[in-house]
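# Report on the structure
Listed here are the chains, written in short residue letters.
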Amino acid sequence: MFDGRVLLKQVILLFWPLISTWVQGAEKIDSCQLQVLEMLSSLGSAGGKSAKPSFVSYVTPEEIKSEKEPSRKEKHPDLLPGEVVFCSASTVLKYTQDDLSQRGVFGVLLCTNFRVSFVSDEEPTEEMLFKNKLYGENDIPLSCVDNIYGDKRKLITGGLVKNKYPSKMIIHCKDLRVFQFSLSFSKEEDAKKIFQGIVHHCLEPKSLRCLFAFSYCENTSYPGSYTVENTSYPGSYSYCREHLMWCWSHHSGCALFKTASIPLVQEDNVPQTYMEKMLTAVAHNHLYSVKTEDLSDTLPTVQDILLSYNKFKQFFLIDNTTEFWMSDMKWFSSLDNCGWLDIIRQCLQKAVEVVESLEKENTNVLIMEEGGSDLCCVVSSLVQLMLDPYYRTLLGFQSLVQKEWVAGGHAFLDRSNHLHLKDKVESPVFLLFLECVWQLQQQHGPAFQFSETYLTVLSDSVHVPVFTTFLFNNDGHRDSLLRVKTHAVWDWSVQFDCKAQDLFTNPLYTEKPKQDTSVRKSYRPRHLRQLSLPSSAFKTPPKKGFFKDEADNLKKILGVKRLSRWMLSPSSDSPQTSSSVREFYEAWQTKPLDYHGLLLPCLDGPSIRVWMQRYLRWIHDVQILGGGPVAMLSKVSEILGEVQELQRQLDRHGCTLTSNHKGARPRAKTAAAVIAARSSVRLSSSFPFVTSRNWAFKPAIPTSLLQSLMVTGMPGNLADREDDGGPESLV
Amino acid sequence: TKFSQLSSPPPNFFGGASRESLKMEPLADCSLLPGEERIIDKDIIYICPFSGALKGKVFITNYRLYFKSADADPAVTLDVPLGAIGRVEKMGGASSRGENSYGLDITCKDMRNLRFALKQEGHSRRDIFDILFKYAFPLSHGLLLFAYLSQEKFEENGWSVYKPMEEFRRQGLPNDKWRVTFINANYELCDTYPTILVVPFKATEEDLRKVCTFRSRGRIPVLSWIHRENQAVICRCSQPLVGMSGKRNKDDERYLDLIREANGTAKLTIYDARPSVNAVANKATGGGYEGDDAYQNAELVFLDIHNIHVMRESLKKLKDIVYPNVEESHWLSSLESTHWLEHIKLVISGAIQVADKISGGNSVVVHCSDGWDRTAQLTSLAMLMLDSHYRTLRGFQVLLEKEWIGFGHKFANRIGHGDKNHADQDRSPIFVQFIDCVWQMTKQFPTAFEFNERLLVTILDHLFSCRFGTFLFNCERARDTNELRSKTVSLWSLVNSDLSFYQNPFYTPESNRVLYPVASMRHLELWVTYYIRWNPRIRQQQQSPVEQRYIELLALRDEYLKKLEELQLSDSSPNSSHLSNSSTPNAASPTQHITHLHTPF
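Residues numbered from 1 in each chain as written. Chains lettered and ligands numbered in written order. Predicted model: local features only at pLDDT ≥ 70, side-chain atom pairs only at ≥ 80, totals over all residues. Heavy atoms only, no water.

### Some details on the side chain of B:Arg274
Residue and element names in this part refer to chain B. Structurally, the position occupied by arginine 274 is in the loop between strand S12 (268-272) and helix H5 (276-281). Assessed through its relative accessible area of 0%, arginine 274 is described here as buried. Within polar-contact distance, the side chain of arginine 274 engages the side chain of serine 369 at 3.3 Å. (Helix = DSSP H or I, 4+ residues; strand = E, 2+ residues; numbered from the N terminus. Buried < 20%, exposed > 50% of the residue type's maximum accessible area, 1.4 Å probe, protein only. Polar contact = N/O pair within 3.5 Å; in protein donor to acceptor, adjacent residues only side chain to side chain.)

Spelled out as structure tokens, the structure:
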């Protein structure tokens, strides 16, 4: 057998030029030719070494026959306004990553100014419920491409690709999808072109103007979806770099501020001037003391965050099943070692510390870091999320992101490095924030109006270069570049239809039962927040300047109170803080839980978890068919829909509902309709991302089970012993 | 008999496991069970790992140890069935220095340790130590287990939950391929098997006796479960007695072939639960596994599940990292180093393979060494995946009665009921591990099980408590000898008298659905609400928020439906509209009500 193969190889090598023209010119490929193709592909990848076949085609020759030149030209995705096809190649094989058998589908691979797209030669099977209107399941927006690998899993970097192209190309996406394409069946010219095109457009430095958002915005004119990205922090980016930003005020009067770090003391007068400046800035609302917290002292740097995340994401970018099950054995320690969960924990802990100062000690808190727009954003937003239930609503969360992140000057462009510039520090800081929010949501589900799906989709949207929300480094940057009206990510209708958007609402959420607000309103202490609502749903009057109004108001309220001195607390040392945080948490925990009040996360080891939906959604082997938390939530949604319907009927009867309305006052929309309609379909744990695909109803049986389970260090080697040693005593 | 010193009821009496005891004879805030008697009470200091040293009083009865703090607010209480105590030791001596260094150290079987301190003067701990030692380990002191003293009465008689013949009939047995045999009616064939067995129709009683000689402890392959459609069966047994010389037994070989033949399976799959090295090693002691050449129509698969000693050590390590405090640094690595979840994964994936084979129409034989530990785990989990009946409240009880209790899982030895020998090498948390696997399944399929987590915790509490007879003794023969069913109460009496307490509101019956859990570490999680339940930082919720919300909504729906019915009734008969509130004419300001629906942002 082996000899025969070697012989065949030699024959092939001998007649190589002939065969290659024959293969590429062929319109019909029969099974014999397929075998040769198989051999060729193994030659291509393995050089002259072993001749183990690495490709088994499950496509019948007939299927290949139907793929002809003329039809190819028509095959392209529905292009978006402003979208242009750069290059394409046909007879590309896309492996289905579900199994080891290397099977796949043939189709056309294209690269446009928006995406890399694979259009299958087969008819599209079924419509996905949770379809993204901008890109399909076989599309990868250019900014969503994370890494590209060639043969032997060699990382491709831009610039190095000359005339070569790999026979197999693996694309890892930022939303954790993995695509594997074989280029060995395409014409050499096409394959070369598409490979170089993809590498060029996905990996090489480009100018901001080349991002698709600009072409898209110039070419779309939906009257309803224009958004004026009106943000409400006064001044521009430079303001927040040098000055102090007020984030939020506790009802007691103390407030949270953030700023870029104070320069180290060089000369006596420098920091003082700076302090004076800050003092003036907050003088009007000053009472008690101020705690300052330099986040760079205790939290990881943006580089640390990137490093940790890069390790972490590898656990989910799965090329094949064997690899997956191999990594399963060391899952917990690998997870531990990459440190990602610990970074999440640290951010949450820092936020709890700040919350404690505001809530319990009623001191002002000033958080700072170099630049003031990375971890400051994470911590300040988390603090507000914990303290203020408004930010746990859909609209509130949107405004929180908009004010703390977009207006707060988080350098989205640099941190996501859409332009692939070498001198920029890429780091998933915003994702880190969403992770922390997810932890809170996981622990206190009913407190959030938005769902897990909303967070997952938001994390994906950062990499869809249609929206300008997360495209710039700061407001000044944005204003200088945007002449046209643009799309904000918050206009979800650009991506999803109404039914899909219903899944953004959490069926467990209930609004706070209304008290006699009219009576108590006047004297009840309230938190003060900036009311920036840049959104498509609620148009803000242009340049009205919420901040100014609010701030003036604040000054009025607080101005009368006693002005106290600055008190700079020494930076907290961790063991003490952690025990104080623990006490604070424990004290909070003994009180009855109010979902509309202060919310604290449990930071114990077992409580910080992996965001399953986001990270496991594409991995076939871990889908729980008919299970997962969604099985319960869909039942809640279902019954909620029924209750709402009944309520409508009762309202039509003019019936006053005197009883407890708690359950029946949800948002007008819920996922009820969607899920109820689908109740016949068995949902999988990765709903809604992978829904109705017909997977074989076969269980995943872990492979490579025992390799790592070597029981060591047992006294007297218990592993080898018998279960029951001596003779039996029955009683 | 009253504990007059105490007044208000404890907030979390008995860890939520036995609500009903509150209904009984009120005894201060600790109600005694019928048949329970006070033995001693004493002023003592409880060294609480969470709130420090607490002064209070301890009460010991013939069933429990109960402690209530005197001045802590809220009061700290402990309610520990003596059965849950694994070890009692003296801590410090009469001359020990330091505060609270003299007292008792108690190790429990339910993942906690208790320390009590006493005054050093006058041998103050002697009486309490002696009493505790005696009543916690009654069998070592010639006393009866509390289950034999209990006078509890329930509406339901739990002993009638499982009737072997009825269960076989439910499965469609006997049929033309499988017959019921009473050969073991007097436990003469196999003293650790139940009396009623199902065997291949073609196997004679004589065949069974011959096979019996070739299987460890006479535990021959018998049917546990049959697939209604494809007639594939799960059989269970112990290892064949192959030995060093590689003995063969024609009768055993033929018998296994009869099992294969019964539904025309081409190849019978034998699942040996052990790692292959252990199976080989067993040859030295006369055991072994089915060799290829001897069993031509069978394939042998090793499932690599470790033995009882490995599991015991693993749980011990787990306890070390969760009690009293959850390991802080590198929690996940510590968790991994206990291997507990890895063992869970192996057991579940073994069961998946069994269930998958059966679904494909192939019969299987499952064994380990003796066929009462790993085998019981595998068969019962596979049956739970295959047969939705076992996922109901009563069906699950049947499953436990049948696969665990009936087939002789050695509860007495594995748990050590009433026995002082805490270091006994026979002890092992095999059943706890199984319940953990069930919990993992309920976690992955939250709508597929009729019972809730409370049932699982209750089962584990009474696995140790010795309040019920259910988990006592090693096998049916011993239960008969000790007249267990007439002299003790079944745990299912308690459960079935208050079924709603153990019901999962999300349960959606789906018969004929095979459940395949995902045996990946990505989905397996530590059962925090069991293993770490003594830690006050783990919020013990009576109900999960999802469950709470669901029940609220269900109630609301019923309420609205009722209202709507009333309205329609009053609408259709205008003369009879009396209801002042709901009979408001439709015309009355509809806008007012719309505000309920569209609450503004």
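### So, the UniProt feature "active site" (unreviewed entry) in chain B
Residue and element names in this part refer to chain B. The feature "active site" (unreviewed entry), as given by UniProt, occupies Cys368 in the numbering adopted here. Along the polypeptide, cysteine 368 turns up in the loop between strand S14 (364-367) and helix H9 (374-386). Taking the relative accessible area as the measure of exposure, cysteine 368 reaches 1% and is therefore buried. Ignoring anything within four residues of it in the chain, the contact list for cysteine 368 reads Cys237, Ser238, Gln239, Asp272, Ala273, Arg274, Asp373, Arg374 and Thr375. (UniProt positions renumbered as here; feature names shortened; annotations may be inferred. Contact = heavy atoms within 4.5 Å.)

### A few points about the packing of aromatic side chains
Throughout the structure, instances matching the rule amount to 68 aromatic pairs over all chains. For the ring pair A:Phe315 and A:Trp331, a centre distance of 5.8 Å and an interplane angle of 80 degrees mean the geometry is edge-to-face. You can see A:Phe315 sitting in the loop between helix H11 (302-314) and helix H12 (321-329) and its partner A:Trp331 sitting in helix H13 (residues 331-338), a full 16 residues away along the chain. Residue classification places A:Phe315 among the buried residues on the basis of a relative accessible area of 15%. Ring centres of B:Tyr46 and B:Phe116 lie 5.5 Å apart, and the angle between their planes is 45 degrees; this geometry places the pair in the tilted category. Separated by 70 residues along the polypeptide, B:Tyr46 in strand S1 (residues 38-48) and B:Phe116 in strand S7 (residues 113-117) bring together distant segments of the chain. (Phe/Tyr/Trp six-rings, centres within 6.5 Å; stacked < 30°, edge-to-face > 60°.)

### Examining helix H6 (residues 308-322) of chain B
All names here are of chain B. The terminal C-alpha atoms of H6, which comprises 15 residues, lie 21 Å apart, in line with the 21 Å expected from a rise of 1.5 Å per residue. Counting buried residues in H6 gives 12 out of 15 residues, a clear majority hidden from the surface. Within the sequence span of H6, burial applies to Ile308, His309, Val310, Met311, Arg312, Glu313, Ser314, Leu315, Leu318, Lys319, Ile321 and Val322. For H6, the capping residue at the N-terminal end is asparagine 307, with a side-chain oxygen 3.0 Å from the backbone nitrogen of histidine 309. (Expected span 1.5 Å × (residues − 1).)

### A few points about the side chain of A:Thr456
Residues and elements named next belong to chain A. Residue position: threonine 456 is located in helix H19 (residues 452-461). For threonine 456, the side chain forms a polar contact with the side chain of glutamine 613, separated by 2.6 Å. Apart from residues no more than four positions distant in its own chain, threonine 456 is found in contact with Trp611, Gln613, Arg614, Arg617 and Phe689.

### Some points on the nonpolar core
Soluble, globular proteins show a tendency: their nonpolar side chains are buried together. Counting 242 residues, the largest nonpolar core has A:Leu382, A:Phe397, A:Phe433, B:Phe396, B:Phe431 and B:Tyr531 as its most contacted members. When near neighbours in sequence (up to four residues on either side) are disregarded, B:Phe396 contacts B:Leu384, B:His389, B:Tyr390, B:Phe434, B:Ile435, B:Val438, B:Phe451, B:Leu455, B:Leu456 and B:Ile459. Core analysis: the second largest hydrophobic core is formed by 37 residues, B:Cys212, B:Val222, B:Cys235 and B:Tyr295 among them. (Core = buried A, V, L, I, M, F, W, Y, C linked by side-chain atoms within 4.5 Å.)

### Quick notes on the pattern of salt bridges
Residue and element names in this part refer to chain A. Here the structure, examined in full by the defined rule, presents 60 salt bridges over all chains. Of the charged contacts in the structure, one is a salt bridge between arginine 153 and aspartate 319, with a shortest N-O distance of 2.6 Å. Here arginine 153 is found in the loop between strand S5 (145-149) and strand S6 (155-156), whereas its partner aspartate 319 is found in the loop between H11 and H12, with 166 residues between them in sequence. A residue is classified by how much of its surface remains accessible, and aspartate 319, at 8% relative accessible area, is buried. (Salt bridge = Lys/Arg side-chain N within 4 Å of Asp/Glu carboxyl O.)

### Points about the UniProt feature "domain: Tyrosine specific protein phosphatases" (unreviewed entry) in chain B
Summarizing the sequence annotation, UniProt attributes the feature "domain: Tyrosine specific protein phosphatases" (unreviewed entry) to residues 338-384 of chain B in the numbering used throughout. Within the segment residues 338-384 of chain B, helix and strand shares are 68% and 9% respectively, and the terminal C-alpha atoms sit 27 Å apart.

### So, the interface of chain A and chain B
On the side of chain B, 102 residues touch chain A, which itself brings 102 residues to the contact. Taking both partners together, chain A and chain B bury about 9,500 Å²; carbon and sulfur atoms supply 57% of that area. Counting across the interface, chain A meets chain B through six salt bridges. At the junction of chain A and chain B, the tally comes to 20 residue pairs in polar contact (both at pLDDT 80 or more). Put simply, the parts of the chain that give the side of chain A that touches chain B at least two residues each are H12, H13, helix H24 (574-590), helix H25 (612-616) and helix H26 (629-652) of chain A. In terms of residue count, H26(A) provides more of the side of chain A that touches chain B than any other element does, 16 residues in total. (Buried area = accessible area lost by both parts, 1.4 Å probe.)

### Topic: the packing of helix H14 (residues 340-359) of chain A against helix H15 (residues 375-387) of chain A
Axis angle and axis distance: for two packed helices, these are the angle between their axes and the distance between the axes, and together they describe the pair. All names here are of chain A. With their axes 9 Å apart at the nearest point, H14 and H15 run at an angle of 55 degrees to one another. On the basis of their axis angle, the class for H14 and H15 is oblique. Like other packed secondary-structure pairs, H14 and H15 cross with a definite hand, here right-handed. Contacts between H14 and H15 pair Cys347, Leu348, Lys350, Ala351, Val352, Val354, Val355, Leu358 and Glu359 from the former with Leu375, Val378, Val379, Leu382, Val383, Met386 and Leu387 from the latter. (Axes fitted to C-alpha atoms, helices over the stretch in contact; angles between N-to-C directions. Parallel < 35°, antiparallel > 145°, perpendicular 65-115°, else oblique. Left-handed = near helix turned anticlockwise from the far one by under 90°.)

### Observations concerning the packing of helix H3 (residues 205-213) of chain B against helix H4 (residues 250-261) of chain B
Residues and elements named next belong to chain B. Between H3 and H4, the least distance of the axes is 8 Å, while the angle of their chain directions is 120 degrees. Viewed along their axes, H3 and H4 adopt a mutual orientation that is oblique. In terms of crossing hand, the pair formed by H3 and H4 is left-handed. Facing Asp207, Leu208, Lys210 and Val211 of H3, the residues of H4 in contact are Asp251, Asp252, Arg254 and Tyr255. For the contact of H3 with H4, the residue count by class is three nonpolar, no polar and five charged. (Nonpolar A, V, L, I, M, F, W, Y, C, P; charged D, E, K, R; others polar.)

### Here's the deal with the confidence of the model for chain B
Residues and elements named next belong to chain B. Taken over all residues, the pLDDT of chain B has a mean of 89, while the share at 70 or more is 90%. Taken as a whole, residues 1-27 scores under 50 in pLDDT and shows 61 contacts with residues more than four places along the chain or in a different chain. pLDDT under 50 marks residues 576-601. Its contacts with residues more than four places away, or in other chains, come to 34 contacts. The ipTM, which scores confidence in the relative placement of chains, is 0.88 for this predicted complex, and the corresponding pTM is 0.85. (pLDDT = per-residue confidence, 0-100.)

### Considering the sheet that holds strand S7 (residues 168-173) of chain A
Residues and elements named next belong to chain A. With antiparallel pairing, the eight strands of this open sheet are ordered in space as S4-S3-S2-S1-S8-S7-S5-S6. What marks the edges here is a single partner per strand, and that holds for strand S4 (139-141) and S6. Note that strand S1 (residues 85-95) and strand S2 (residues 104-112) share eight bridges and pair antiparallel. Residue pairing in the sheet places valine 85 in a bridge with threonine 112 of S2. With respect to the sheet, helix H6 (residues 188-203) is in contact with S1, S2, strand S3 (115-120), S5, S6 and S7, its orientation differing from that of S1 by roughly 110 degrees. (Pairing = 2+ DSSP bridges.)

### Points about unusual backbone geometry
Residue and element names in this part refer to chain B. Each neighbour pair has its own omega, and for leucine 173 with proline 174 the value is -5 degrees, a cis peptide bond. Inspection of the secondary structure assignment puts proline 174 in the loop between helix H2 (164-170) and strand S8 (178-181). Across the junction of tyrosine 323 and proline 324, the peptide omega takes the value 0 degrees, indicating a cis bond. With respect to the secondary-structure elements, proline 324 resides in the loop between H6 and helix H7 (331-338). Even without glycine at this site, tyrosine 187 takes up a positive phi of about 60 degrees. Mapped onto the fold, tyrosine 187 is located in the loop between S8 and strand S9 (197-200). When its relative accessible area of 11% is taken as the criterion, tyrosine 187 is described as buried. Phi at aspartate 304 is positive, roughly 60 degrees, even though this residue is not glycine.

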